Amino acid sequence: QLQLVESGGGLVRPGGSLRLSCAASGFTWAYYAIGWFRQAPGKEREGVSCISSSGKTTYADSVKGRFTISRDNTKNTVYLQMNSLKPEDTAVYYCAPVMTTVQAMCVMTLIDFASWGQGTQVTVSS
C-alpha cells in the first residue's frame, strides 16, 4: 500500500516559518517524485511544490522564494520549509507521489494507485 503521513503544521503569525514533513511507507521511496499540495477553505486543491527522484524541484509562482522542498531518502522523508508565511498560505497541506516528464521534471499529478492522506493544517493568522 502507498501510504504517506504529513506532519508539522500548526498556527503561525504572518512572516513566520514552519517545516512540514512527509513520511512514506509501502514502496521504494527513492524511485518516486513527491509533491506537496494544499487546499484552502472554498478553494480547489492546488500544487505547491514537487521534487524528483534526482532532486529537481518545481514551485508554484505563489511560493517561489519563500518555500523550499527537500528530501532525505535515508530517512524516507520529504520536507517543505515554509518561510515568510502569509495568511493566504492557510490550508490543509498534503503530500503524494507524483509523475515525472521525459525531461525528468516532476509534475503535480498523482501517480496511479496513490491517494490522499489526512494532511496537516497550516494556519497563518495574526
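If you're wondering where the values come from, they're calculated on a predicted model, not measured in any experiment.

1. A closer look at the overall build of the protein chain
Secondary structure assignment for the protein chain yields zero helices and 11 strands. Beginning at the N terminus, the succession of helices and strands in the protein chain can be written as β-β-β-β-β-β-β-β-β-β-β. For the protein chain, the C-alpha radius of gyration of 14 Å lies close to 14 Å, the compact-globule estimate for 126 residues. Dimensions of the protein chain, computed from C-alpha atoms along their principal axes, come out at roughly 40 × 30 × 30 Å. Every one of the 126 residues in the protein chain was classed for burial, and the buried ones make up 41%. When contacts within the protein chain are restricted to residue pairs at least 6 apart in sequence, those whose partners lie at least 24 apart make up 60%. Carbon and sulfur atoms form 49% of the exposed surface of the protein chain, whose accessible area is close to 6700 Å². The averaged location of the 8 negative side-chain charges in the protein chain is 6 Å from the averaged location of its 11 positive side-chain charges.

2. Some points on unusual backbone geometry
Phi is positive for serine 84, which is not a glycine, with a value near 50°. With respect to the helices, strands and loops of the structure, serine 84 is situated in the loop between strand 8 (77-82) and strand 9 (91-100). Phi at phenylalanine 113 is positive, roughly 75°, even though this residue is not glycine. Mapped onto the elements of the fold, phenylalanine 113 is located in the loop between strand 10 (106-110) and strand 11 (120-124).

3. Some details on the state of the cysteines
Counted according to the given criterion, the structure contains two disulfides. Each disulfide pairs two cysteine sulfurs, and for cysteine 22 the partner residue is cysteine 95, the sulfurs being separated by 2.0 Å. For the disulfide bridge between cysteine 22 and cysteine 95, the dihedral angle about the S-S bond is near 80°, and by the sign convention the bridge is right-handed. In this pair, cysteine 22 sits in strand 3 (residues 18-25) while cysteine 95 sits in strand 9, placing the two residues 73 residues apart along the sequence. Both residues of the pair, cysteine 22 and cysteine 95, count as buried. Note on cysteine connectivity: cysteine 50 is disulfide-linked to cysteine 106, with sulfurs 2.0 Å apart. The sign of the 90° torsion about the S-S bond sets the cysteine 50-cysteine 106 disulfide as right-handed. One end of the pair, cysteine 50, is in strand 5 (residues 46-51); the other, cysteine 106, is in strand 10, and 56 residues separate them in sequence. Assigning the bonded cysteines of the protein chain consecutive numbers by sequence position, one obtains the connectivity 1-3, 2-4.

4. Focus on the packing of aromatic side chains
What the rule picks out here adds up to two aromatic pairs. The interplanar angle of 80° and the centroid separation of 4.9 Å between the aromatic rings of phenylalanine 37 and tryptophan 116 together place this pair among those described as edge-to-face. Remark: tryptophan 116 occurs in the loop between strand 10 and strand 11 and phenylalanine 37 occurs in strand 4 (residues 33-39); sequence separation between them is 79 residues. Measuring from centroid to centroid gives 5.9 Å for tyrosine 94 and tryptophan 116, while their planes differ by 65°, and the two rings are edge-to-face. Highlighted residues: tyrosine 94 in strand 9 and tryptophan 116 in the loop between strand 10 and strand 11, separated in sequence by 22 residues. Taking relative accessible area as the criterion, tryptophan 116 reaches 34% and is therefore assigned partly exposed. The cationic tip of arginine 45 hangs over the ring face of tryptophan 116; the distance from NZ or CZ to the ring centre is 4.0 Å.

Conventions and cut-offs
Residues numbered from 1 in each chain as written. Predicted model: local features only at pLDDT ≥ 70, side-chain atom pairs only at ≥ 80, totals over all residues. Heavy atoms only, no water. Helix = DSSP H or I, 4+ residues; strand = E, 2+ residues; numbered from the N terminus. Rg over C-alpha atoms; globule rule 2.2 N^0.38 Å. Buried < 20%, exposed > 50% of the residue type's maximum accessible area, 1.4 Å probe, protein only. Contact = heavy atoms within 4.5 Å. Areas by Shrake-Rupley, 256 points an atom, 1.4 Å probe, with all protein chains shown as cover. Lys, Arg positive; Asp, Glu negative; His and termini not counted. Charge placed at Lys NZ, Arg CZ, Asp CG, Glu CD. Disulfide = S-S within 2.5 Å. Phe/Tyr/Trp six-rings, centres within 6.5 Å; stacked < 30°, edge-to-face > 60°. Lys NZ or Arg CZ within 6 Å of the ring centre and 35° of its normal.

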